[in-house]
Amino acid sequence: YSCDKIEDELEMTTMCHRPEGLEQLEAQTNFTKRELQVLYRGFKNECPSGVVNEETFKQIYAQFFPHGDATMYAHYLFNAFDTAQNGSVKFEDFVIALSILLRGTVHEKLRWTFNLYDINKDGYINKEEMMDIVKAIYDMMGKYTYPVLKEDAPRQHVEVFFQKMDKNKDGVVTLDEFIESCQEVRTKL
Ligand SMILES: [Ca+2]
Ligand SMILES: [Ca+2]
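Everything numeric in this text was worked out from a predicted model, so none of it was measured.

Now for the UniProt feature "domain: EF-hand" (unreviewed entry) in the protein. Annotation from UniProt places "domain: EF-hand" (unreviewed entry) at residues 69–104, 105–140 and 153–188. For residues 69–104, the helix share is 67%, the strand share is 6%, and the end-to-end C-alpha distance is 29 Å. Annotation note: span residues 105–140, helix share 72%, strand share 6%, distance between end C-alpha atoms 27 Å.

Okay, here's the thing in structure tokens:
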């Protein structure tokens, strides 16, 4: 037993006894207590400070996409995880998002994705926001993945998506429009 491990155990125990600790997380997520403990160990291992900042997200994504520039996508993703919008992602924020992404219902996943696309968090996706996200994804994939990609490809993509999603043609996509459009695609597939 190393010192670190004992410290971890202690923290875990305190966490278990805190009312907003593990018990509550177990109720808020689709993870078991045992799974939460394993996730917590991993989280503490990677981020001893107990919080993840935007820089960590950028470093992780840079490793996964070495040929592209993942800076912007990591930035948007971080903001979707950082539900309190205070510049740091705690273990609680992290597992709640992970639970939705891995074990949430289709509806929950779509709602999460909508929030990712809604960059200024005003409850609507406008064309600029969709454009920014699509550009960020293209940048992340890098030139090597799409060697013949034309400069205006992202804009064309967004135009087509946006026209389909904005059912009432008022220039913004609401959560309902987003969910409806995504489910149409699913039924066609
Ligand atoms: Ca918005
Ligand atoms: Ca609309």
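Coordination sphere of the calcium ion (ligand 1), protein contribution only: Asp 118 (OD), Asn 120 (OD1), Asp 122 (OD), Tyr 124 (O), Glu 129 (OE) and Glu 129 (OE), at 2.3 to 2.5 Å. Coordination at the calcium ion (ligand 1) is irregular, judged from the six donor atoms that bind it and the angles of 53 to 158 degrees they form at the metal. Sequence positions of the donors to the calcium ion (ligand 1) reduce to the motif D-x1-N-x1-D-x1-Y-x4-E. Look at Asp 118 and you get buried, because its relative accessible area is 3%.

Positive phi is not limited to glycine here, since Gln 85 has a value of about 55 degrees. Locating Gln 85 in the fold gives a position in the loop between helix H5 (71–81) and strand S2 (89–90). On the accessibility criterion, Gln 85 (44% relative accessible area) is partly exposed. Despite not being glycine, Lys 121 shows a phi value in the positive range, around 55 degrees. By secondary structure assignment, the location of Lys 121 is in the loop between helix H7 (106–117) and strand S3 (125–126).

A word on the packing of helix H4 (residues 54–64) against H5. Closest axis-to-axis distance for the H4/H5 pair is 9 Å, and the angle between their directions is 130 degrees. With respect to H5, the element H4 is oriented oblique. Crossing hand, H4 versus H5: right-handed. Across from Glu 54, Phe 57, Lys 58 and Tyr 61 in H4, the residues of H5 making contact are Thr 71, Tyr 73, Ala 74, His 75, Leu 77, Phe 78 and Phe 81. In terms of residue class, the contact of H4 with H5 is built from seven nonpolar, two polar and two charged.

What counts and how
Every chain is numbered on its own, with residues counted from 1 as its sequence reads. Written order determines the labels here, with chains lettered from A and ligands numbered from 1. In keeping with the model being predicted, local features are shown solely for residues with a pLDDT of at least 70 and side-chain atom pairs are shown and tallied solely at 80 or more, while totals for entire chains, interfaces and linings include all residues. Side-chain descriptors were evaluated using all non-hydrogen atoms of the structure, hydrogens and water having been removed beforehand. UniProt positions are given in the numbering used here, feature names are shortened, and annotations may be inferred rather than shown by experiment. A run of H or I in DSSP becomes a helix once it reaches four residues, and a run of E becomes a strand once it reaches two; helices and strands are each numbered from the N terminus. For Na, K and Ca the donor cut-off is 3.2 Å, while for other metals it is 2.8 Å, and in both cases only N, O and S atoms qualify; water is not among them, so sites may look incomplete. Just to be clear on the cut-offs, tetrahedral is four donors with all angles between 85 and 135 degrees, square planar is four donors and octahedral six with opposite donors over 155 degrees apart and all others between 65 and 115, and anything else goes down as irregular. Relative accessibility thresholds used throughout: buried, under 20% of the residue-type maximum; exposed, over 50%; partly exposed, between the two (1.4 Å probe, protein chains only). Every axis corresponds to a line fitted to the C-alpha atoms, with the helix fit spanning only the stretch in contact, and the corresponding angles, defined between N-to-C directions, vary from 0 to 180 degrees. Just so you know how the angles are binned, under 35 degrees is roughly parallel, over 145 roughly antiparallel, 65 to 115 roughly perpendicular, and the rest oblique. For a crossing to be left-handed, the near helix must be turned anticlockwise from the far one by less than a right angle; the clockwise case is right-handed. Here, two residues are considered to be in contact whenever any of their heavy atoms come within 4.5 Å of each other. Here the term charged refers only to Asp, Glu, Lys and Arg, the term nonpolar to Ala, Val, Leu, Ile, Met, Phe, Trp, Tyr, Cys and Pro, and the term polar to all other amino acids, Gly among them.

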